[in-house]
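# Examination of the molecular architecture
Chain by chain, the residues run as shown.
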Amino acid sequence: MTIRLLLADDHPVVRAGLRAVLDAEPDFTIAAEAATAERAVELAAAGGIDVVLMDLQFGTGMHGSEATAAIAARPGAPRVLVLTTYDTDADILAAVEAGAAGYLLKDAPPEELAAAVRTAASGQSALAPAIAHRLMDRMRTPAEALSRRELEVLQLVRDGLSNQQISKQLFLSQATVKSHLVHIYTKLGVDSRTAAVATATARGLMRR
């Protein structure tokens, strides 16, 4: 059976590289390409796609995890395999919760990429070893792991937003934002916003 692929990445050179690698596989065909996340959603909805290779960062516009959620929400949707340079907890959780069938880093060897595509197409989960290891670590120590919401709050703290601004952006009360910050400080073993951001970044929980 031929696996029909949609390449979603805003860099033409990356798409060309992926096409060169994937075209070499006898059971793959590149059915379409998208330079924006919005276009990827449109093409996936049009049909004729089995697996979407989705980047996370598209510059302006929709984020890759948002596009993944939009694609995965449709009945009979193609499987979405995230292919990115980011291996932080924040990115991984956003993609997995959005419905991604797999998560792979762009430096993966061609044979690993091909195997992941086939695994995703078969309806199974395809996680890079490093990604699976991070998720397992979170499961082993759930009391110490930051939740998706806590990571969202901390990313906005890093961006310089006040508690009031965070509450408006995430549609939370200021008391809830403060509660999230208390939990973040406790889990990271810190006592300030600056220290929380620095520690979370150093641990690979969010992007630098």
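Description of the structure in this document. Everything numeric in this text was worked out from a predicted model, so none of it was measured. (Residues numbered from 1 in each chain as written. Predicted model: local features only at pLDDT ≥ 70, side-chain atom pairs only at ≥ 80, totals over all residues. Heavy atoms only, no water.)

Let us now look at the overall build of the chain. Broken down by element type, the chain carries 10 helices and six strands. Considered along the principal axes of its C-alpha atoms, the chain spans approximately 55 × 30 × 30 Å. When each of the 208 residues of the chain is scored for burial, the buried share is 44%. When contacts within the chain are restricted to residue pairs at least 6 apart in sequence, those whose partners lie at least 24 apart make up 62%. Mean positive and mean negative side-chain charge positions of the chain (21 and 24 charges, respectively) differ by 6 Å. (Helix = DSSP H or I, 4+ residues; strand = E, 2+ residues; numbered from the N terminus. Buried < 20%, exposed > 50% of the residue type's maximum accessible area, 1.4 Å probe, protein only. Contact = heavy atoms within 4.5 Å. Lys, Arg positive; Asp, Glu negative; His and termini not counted. Charge placed at Lys NZ, Arg CZ, Asp CG, Glu CD.)

Okay, the packing of aromatic side chains next. Counted under the stated rule, the structure contains zero aromatic pairs. Over the aromatic face of Tyr86 sits the side chain of Arg207, whose NZ or CZ is 3.5 Å from the ring centroid. (Phe/Tyr/Trp six-rings, centres within 6.5 Å; stacked < 30°, edge-to-face > 60°. Lys NZ or Arg CZ within 6 Å of the ring centre and 35° of its normal.)

Turning next to the pattern of salt bridges. With the rule as written, the count across this model stands at 18 salt bridges. With its nearest N and O atoms 3.9 Å apart, the salt bridge here joins Arg19 to Asp23. The partly exposed category is assigned to Asp23, whose relative accessible area is 41%. Ionic contacts of the salt-bridge type, sharing partners, join the residues Arg15, Arg19, Asp23 and Glu33 into one network. (Salt bridge = Lys/Arg side-chain N within 4 Å of Asp/Glu carboxyl O.)

In terms of residue burial, strand β4 (residues 79-84) counts as a mostly covered element, since five of its six residues are buried. For the crossover that starts at strand β3 (residues 51-54), traverses helix α3 (residues 64-72) and ends in the parallel β4, the hand is right-handed. Where β4 and strand β5 (residues 102-105) come together, four bridges link them in parallel fashion. Following the sheet pairing, Leu83 is matched in β5 by Leu104. (Right-handed = clockwise from strand over helix to strand, strands pointing away. Pairing = 2+ DSSP bridges.)

With that settled, the discussion passes to the sheet that holds β3. If you walk across this open sheet you meet the six strands as β2-β1-β3-β4-β5-β6, and the pairing is parallel. Of all the strands in the sheet, just β2 (28-34) and β6 (126-127) have a single pairing partner and so form its edges. In this structure, β5 lies alongside β6, joined through two bridges in parallel fashion. From the neighbouring strand, Tyr103 faces β6, where its bridge partner is Leu127.

So, about the packing of helix α9 (residues 174-188) against helix α10 (residues 193-202). Their axes nearest at 10 Å, the elements α9 and α10 cross at an angle of 55°. Judged on the interaxial angle alone, α10 and α9 are oblique. Classified by chirality, the crossing of α10 by α9 is left-handed. Touching Leu181, Ile184, Tyr185 and Leu188 of α9 are Arg193, Ala196, Thr199 and Ala200, all from α10. (Axes fitted to C-alpha atoms, helices over the stretch in contact; angles between N-to-C directions. Parallel < 35°, antiparallel > 145°, perpendicular 65-115°, else oblique. Left-handed = near helix turned anticlockwise from the far one by under 90°.)

Attention now moves to the nonpolar core. In this structure, Leu5, Leu22, Leu53, Leu113, Val117, Leu154 and Leu188 are the most contacted members of the largest nonpolar core, which totals 49 residues. Ranked by residue count, the leading element in this core is helix α7 (residues 148-158), at five residues. For Leu154, the contacting residues outside a window of four places in its chain are Leu146, Ile184, Leu188, Ala196, Val197, Ala200 and Met206. (Core = buried A, V, L, I, M, F, W, Y, C linked by side-chain atoms within 4.5 Å.)

The residue Arg15 is located in helix α1 (residues 12-22) in this model. A relative accessible area of 13% places Arg15 in the buried class. When residues no more than four places from it in sequence are discounted, the contact partners of Arg15 are Leu7, Asp9, Asp10, Glu33, Ala34 and Ala35.

Residues of helix α2 (residues 37-46) that are buried: Ala37, Ala40, Val41, Leu43 and Ala44. The inward-facing, buried residues of α2 contact β1 (3-8), β2, β3 and α3. Residue Gly47 follows α2 closely and has a positive phi angle near 95°.

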